[in-house]
Amino acid sequence: MNRYFMNKNEILNSVEQAFKEKHFCAYYQPQFNHSNGRIVGAEALVRWIHPEYGMQSPGDFIPVFEANGYITRLDLYVFEEICIFLNKCIRDNIKNIVPISFNVSRYDIYFASFIDEMENIRKKYDIPVKLLRVEITESAVIGGNEYLANTVERFHSLGYIVEMDDFGSGYSSLNVLKDIKVDIIKLDMIFLRGEIGGRGGIIISSMVRMANWLGTPVIIEGVETTEQADYMKSIGCDYIQGYLYSRPLSESDYLKLLLEGRTGQAMPHMNFTENIDAGKFWDPNTIETVIFNNFVSAAAVFSFKSKNNSIEMLRVNDKYLAELAMNMTQKDVIKKHDDLIFDDENRKIYIDTIYKAIASGKEEECDTWRTVYSACCGEDTVCIRSSMRVIGRAENEYLIYVMIRNVTIEKKAYTALSASEKKFRTAGEHANIFCWEYEVDTKKMYPCARCMRELGLPPVIENYPEPLIENGLFPAEYADFYRDWMRQIDEGAEHLEAVIPLTDDRIPFHVRYTAEFDENGYPYKAYGSATLVVDDIK
Ligand code: C2E
Ligand code: CA
Ligand code: CA
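Now for a quick tour of the structure.

For the calcium ion (ligand 3), the full set of protein donor atoms is D165 (OD), D166 (OD) and E221 (OE), at a range of 2.3 to 2.4 Å. As a motif over one chain, the donors of the calcium ion (ligand 3) read D-D-x54-E. A separation of 4.0 Å is found between the calcium ion (ligand 3) and the calcium ion (ligand 2), which are bridged by D165. Of this pair, D165 sits in strand 6 (residues 161-167) while E221 is found in strand 8 (residues 218-221), placing the two residues 56 residues apart along the sequence. Residue D165 shares its accessibility class with E221, and that shared class is buried.

As structure tokens, this is what we get:
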């Protein structure tokens, strides 16, 4: 970044002038929600634009500032820059402002009036506290957890969100989480990779699991490759900050990004083929991981504990989600187990097959019915064919690779012939509910499995609702009314409902929409449903 390194003396000689003439400026590195492409926040990173030496990297001058007492002054300077910028955004009515995180050095928090001075600056520019987030490093703990815990509490009482930066870089990670109630954990991919080579993946995945247990969101930093991003997504970590999506941007470039809209471009996928080696499966940088995320059919990895027959989902690829056809996310499957809800009979079949796979060491297969639930599609009962194979074992614990296929339609066709037909009817079918999901940014509509089955809709409808007006599902006289609904949703309507006659036969349906908003309150999805209005049918 810098054309010339400055040595310690050069730094100290020009620091006063730099403050006076405002040679420091804040760059902003956006953070994205990987599962929907939205910008969720940005981190402010200081840059020193030296008139003679060019741009200086904070990595070089911050340690000198820390050692010579300039750091707190710098941090307050950067904080003021952020407030000036946010104030401008608010005055210019920028629609999609997201919170900005700022770095608080461990030296700042031992400086008694630091927080008061911050608060004075914030109030001077009239910035709502929810637009600012504190980043504290774990190493601030040196000198005792208690002091840091009190500082975090003080920030909390003022309404700040607190992030633990560079989590996992110290030796005290676990203790820190126990004592210090941070709201967000930041993990650095680069740090973990450099230190522990191939084991990095296992450690990251354990940390994300641990954070999930605590219900603490994780931002992963330093993501440079699509493999790493897909890997993070597959273990249930949604928030990403790194060169892959964006380098730190100047204020004007960052503003441009905000104005362009909220959607990060879709991630390109990698193209490779080779044999899967289970041993390398946990390393985000291996071909095995690339294949899991991009190539193999619908697959997941879970751990099975034979002590209590418990299953914990660890990794899930996109095709697995597509196969369930419920518009679920990796998070639904990994955290909430929304894909493994069996009745006793089906659970027994599933567990028996796991034991068969453990005993044979080969691939074993079973078909089980399960109830799946998702925000988009509500509840459905599906039949899943699972082929499992053990890929790792420890005492009483097995790592199992499972490939799935949704065989609901075949099974239903078959059971329709059999006497037990009724048993497999879904709740949805009794109630005659059709569901779908509408994505605000892309204007794409994702129909539920039932819409696809019975209305012959494709899995994705672009430029919604136009194709359905064209094909007559929405009658022409309702087209403008319905387009207006979509406009209202784009602008933030929370709930809409009306009776609308659908299809060429003008069958009255009760149509409802409930919108979902992102981390920052902007609409990004709406869940639609249509229920047959039974009374009106003569
Ligand atoms: P940090 O807080 O961990 O910030 C993240 C660093 O990682 C930034 O370096 C960022 O540019 C870099 N980075 C982001 N994505 C990637 C990636 O994909 N690959 C790689 N290789 N690097 C990536 P930067 O801007 O040089 O900052 C270095 C450190 O200086 C920061 O680390 C932070 O500890 C400190 N720092 C920066 N600004 C401030 C500040 O205003 N106050 C204080 N106290 N410290 C600051
Ligand atoms: Ca940071
Ligand atoms: Ca960091």
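On to the side chain of K186, then. Tracing the backbone shows K186 in strand 7 (residues 184-188). Residue classification places K186 among the buried positions, given a relative accessible area of 0%. In this structure the side chain of K186 is engaged in a polar contact, spanning 2.9 Å, whose partner is the side chain of E43. With residues up to four places along the chain from it excluded, the contact list for K186 reads Q31, E43, E135, E163, M164, D165, D166, F167, I219, E221 and Q241.

A separate point is unusual backbone geometry. For the peptide bond that leads from Y464 to P465, omega is 5°, which places it in the cis range. Within the fold, P465 resides in the loop between helix 17 (449-455) and helix 18 (466-470). Backbone geometry at K443 places phi at a positive 55°, although glycine is not the residue there. Locating K443 in the fold gives a position in the loop between strand 15 (433-439) and strand 16 (444-447). For N463, which is not glycine, the phi torsion reads 50° and is therefore positive. Examined against the element boundaries, N463 turns out to sit in the loop between helix 17 and helix 18.

Another point: the packing of aromatic side chains. Applying the stated rule across the entire model yields 30 aromatic pairs. Both rings, one in F19 and one in F24, keep their centres 5.0 Å apart while their planes meet at 55°; by these two values the pair is tilted. Each ring, one from F85 and one from Y254, has its centre 5.9 Å from the other, and the planes form 50°; the classification is tilted. Residue F85 is located in helix 3 (residues 71-91), and its partner Y254 is located in helix 10 (residues 251-260); the two are separated by 169 residues in the primary sequence. Accessibility classification places F85 together with Y254 in one group, the buried group. Every member of this aromatic cluster is reached through a ring pair, and the members are W436, Y438, Y464, F474, Y478, F481, Y482, W485 and Y513. In this structure, R73 is placed above the aromatic ring of F19, and the distance from its NZ or CZ to the ring centre is 4.1 Å. One Lys or Arg, R247, reaches over the ring of Y243 and ends 3.8 Å from the middle of that ring.

Cut-offs applied
Residues numbered from 1 in each chain as written. Chains lettered and ligands numbered in written order. Predicted model: local features only at pLDDT ≥ 70, side-chain atom pairs only at ≥ 80, totals over all residues. Heavy atoms only, no water. Donors = N, O, S within 2.8 Å, 3.2 Å for Na, K, Ca; no water. Helix = DSSP H or I, 4+ residues; strand = E, 2+ residues; numbered from the N terminus. Buried < 20%, exposed > 50% of the residue type's maximum accessible area, 1.4 Å probe, protein only. Polar contact = N/O pair within 3.5 Å; in protein donor to acceptor, adjacent residues only side chain to side chain. Contact = heavy atoms within 4.5 Å. Phe/Tyr/Trp six-rings, centres within 6.5 Å; stacked < 30°, edge-to-face > 60°. Lys NZ or Arg CZ within 6 Å of the ring centre and 35° of its normal.

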